[in-house]
Amino acid sequence: MSEDRFDREDRDEAFANNKGTITSWKQLIIVVGGFFGFLFVIGIVSAIPGAQWLLGILVGLLFLGTGITFLRRTRNNQMLPVIAVIAGAAMIFFSVVGKFFPDLKESMGAKGYGVVMIVIGLFAMIYPFVYSSYVRKKYTETVEATVIRVDVSYSRSSRGHRTRTYRPVYQFTYSGREYEVMEGLYSSGAHPMVGEIRELHIDEEDPNRFFDIKQMRSKSAFSVMIAVAVIVFGVFMVVVG
């Protein structure tokens with residue numbers, strides 16, 4: 001009985017920081033195995049002549065699934081997952097059109113694809129502002145939270161460079177109860193410092209659901225730059241097409 005308890009404590013400590021996304025080693029093996037298995041299938045399909053359209057769908061599904069997963073796990077950094085979802089949907093669309101509707105693809109030409117790129121870029125650009133407005137209207141309860149620590153995660157790139165990602169941990173009191181909340185994911189870039197006071201928008205029914213509007217805006221700047229680049233590329237395609 002004692003050994004079982006220690007095993008459970010070790011497991012809980014190992015998976016404590018992902019907020020329930022993966023709760024056991026078995027799930028971790030399935031997720032990692034499934035991901036690399038999917039990449040293996042993509043590699044096989046890429047070697048099949050004439051299967052480029054199917055490869056586009058598979059890669060699109062990978063982007064789409066990754067984006068949706070991250071959207072479910074993060075609140076203050078929504079833009080990059082949205083871009084992944086849009087990119088995945090666009091890949092699937094273009095692949096299906098190219099394979100089953102060649103006449104439509106021919107009629108669209110470079111200008112048609114450019115228009116699609118512009119629409120995607122515009123949507124990605126206005127999304128942060130629309131989402132921020134939605135949060136303010138839906139989550140009307142606000143609290144003053146203190147950043148009690150900033151968790152840091154280290155990783156190495158393929159070139160051996162060490163990178164750091166951050167996850168601020170907030171503490172606040174609501175309805176006489178103290179809460180300690182954090183994002184489900186680490187992210188890079190600007191982040192609040194320890195001791196800093198932030199205004200959080202929270203769900204009154206579940207105060208563990210929170211939004212840091214200031215943090216959302218800081219994370220959206222780079223994503224907006226990507227959106228602008230997509231629009232510029234779309235305009236270029238329309239002009240030269």
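These notes cover the structure that comes with them. Just so you know, the residues in each chain are numbered from 1, in the order the chain's sequence is written. Local features in this predicted model are restricted to residues whose pLDDT is 70 or higher, and side-chain atom pairs enter the listing and the counts only when it is 80 or higher, whereas totals over whole chains, interfaces and linings include all residues. With hydrogens and water set aside, each side-chain value is computed from the structure's full complement of heavy atoms.

**Observations regarding the overall build of the protein**
Then, in step 1: Secondary structure elements follow DSSP: runs of H or I no shorter than four residues count as helices, runs of E no shorter than two count as strands, and numbering proceeds from the N terminus. The secondary structure content of the protein amounts to six helices and five strands.
Then, in step 2: Along the protein, helices (α) and strands (β) appear in the sequence α-α-α-α-α-β-β-β-β-β-α when read from the amino end.
Then, in step 3: Burial classes follow relative accessibility: with a 1.4 Å probe on protein chains only, a residue under 20% of its type's maximum area counts as buried, one over 50% as exposed, and anything between as partly exposed. A buried classification covers 33% of the 241 residues belonging to the protein.
Then, in step 4: Methods summary: accessible areas were calculated by the Shrake-Rupley approach with a probe of 1.4 Å, and residue burial reflects only the protein chains presented. About 15000 Å² of surface is accessible on the protein, with carbon and sulfur atoms providing 63% of the total.

**Focus on a nonpolar patch on the surface**
Then, in step 1: The patch calculation keeps residues exceeding 30% relative accessible area without a salt bridge and links them within 9 Å when they carry like charges or within 5 Å when they are nonpolar (Val, Leu, Ile, Met, Phe, Trp, Tyr). By salt bridge we mean one thing: a side-chain nitrogen of Lys or Arg within 4 Å of a carboxyl oxygen of Asp or Glu. On the surface, a cluster of nonpolar side chains totalling about 500 Å² of accessible area is made up of Phe-233, Val-235, Phe-236, Val-239 and Val-240.
Then, in step 2: Structurally, Val-240 is set in helix 6 (residues 213–240).

**Topic: the side chain of Asp-203**
Then, in step 1: If you trace the backbone, Asp-203 turns up in strand 4 (residues 197–203).
Then, in step 2: The class of Asp-203 is buried, set by a relative accessible area of 18%.
Then, in step 3: Residue contacts follow a heavy-atom distance rule, with two residues in contact if any of their heavy atoms lie within 4.5 Å. In this view, Asp-203 contacts Tyr-139 and Arg-209; residues no more than four positions away in its chain are not counted.

**Overview of the side chain of Arg-198**
Then, in step 1: Here Arg-198 lies in strand 4.
Then, in step 2: Among the polar contacts made by the side chain of Arg-198, one reaches the side chain of Glu-196 at a distance of 2.8 Å.
Then, in step 3: With residues near it in sequence (within four places) discarded, Arg-198 still touches Val-143, Glu-144, Ala-145, Val-147, Tyr-170, Pro-192, Asp-212, Lys-214 and Gln-215. The definition of a polar contact used here is a pair of N or O atoms within 3.5 Å, where within protein one atom must be able to donate a hydrogen and the other to accept one, and adjacent residues in sequence count solely through side-chain atom pairs.

**Let's talk about helix 5 (residues 102–138)**
Then, in step 1: With 37 residues, helix 5 ought to run about 54 Å at 1.5 Å a step, yet its terminal C-alpha atoms sit only 44 Å apart, falling short of that.
Then, in step 2: Of all the bends in helix 5, the greatest, near 85 degrees, is centred on Gly-109. The span one expects for a helix is its residue count, reduced by one, times 1.5 Å. Two axes are fitted around each residue, one to the seven residues ending there and one to the seven starting there, and the angle between them is reported as the bend at that residue.

**Quick word on the pattern of salt bridges**
Pairing of side chains with opposite charge becomes possible as their charged atoms draw close.
Then, in step 1: A full pass over the atoms with the stated rule returns seven salt bridges.
Then, in step 2: With a closest N to O distance of 3.5 Å, Asp-151 and Arg-167 form a salt bridge. Taken together, the residues Asp-151 in strand 1 (residues 141–156) and Arg-167 in strand 2 (residues 162–174) connect sequence positions 16 residues apart. Each of the two residues, Asp-151 as well as Arg-167, counts as buried.
Then, in step 3: Across the pair Arg-198 and Glu-196 runs a salt bridge whose closest N-O atoms are separated by 2.8 Å.

**Observations regarding the pairing of strand 3 (residues 177–182)**
Then, in step 1: Pairing between two strands is assigned when DSSP locates at least 2 bridges connecting them. As paired elements, strand 2 and strand 3 share six bridges and run antiparallel to each other. When the bridges of strand 3 are listed, Thr-173 appears paired with Glu-178.
Then, in step 2: In textbook terms, the turn of a hairpin is the stretch between consecutive antiparallel strands, and for strand 2 and strand 3 this stretch comprises two residues, one of which, Ser-175, has a positive phi near 55 degrees.

**Notes on the pairing of strand 4**
Then, in step 1: Of all seven residues making up strand 4, five are buried, and the element is well covered by its neighbours.
Then, in step 2: Of the strand pairs in this sheet, strand 4 and strand 5 (residues 206–211) are connected by three bridges, and their pairing is antiparallel. In the strand pairing of strand 5, Ile-202 is matched with Phe-210.
Then, in step 3: Between strand 4 and the antiparallel strand that follows it, strand 5, lie two residues.

**Things to note about the packing of aromatic side chains**
Then, in step 1: We call Phe, Tyr and Trp rings a pair once their centres come within 6.5 Å, taking the six-membered ring for Trp, and we label the pair stacked below 30 degrees between planes, edge-to-face above 60, and tilted otherwise. The final tally for this structure, using the stated rule, is 10 aromatic pairs.
Then, in step 2: Centroid distance Phe-94 to Tyr-113: 4.5 Å. Interplanar angle 55 degrees. Geometry classified as tilted. Taken as a pair, Phe-94 in helix 4 (residues 79–100) and Tyr-113 in helix 5 lie far apart in primary sequence, 19 residues in all.
Then, in step 3: Relative accessible area serves as the criterion here: at 14%, Tyr-113 is assigned to the buried category.
Then, in step 4: Members of the aromatic cluster, connected to one another through ring pairs, are Phe-123, Tyr-127, Tyr-131, Tyr-134, Tyr-139 and Phe-211.
Then, in step 5: Here the guanidinium or amino end of Lys-138 rests over the ring plane of Tyr-139, the centre of that ring lying 5.9 Å away. Sitting over a ring, as applied to charges here, requires NZ of Lys or CZ of Arg to be within 6 Å of the ring centre and within 35 degrees of the ring normal.

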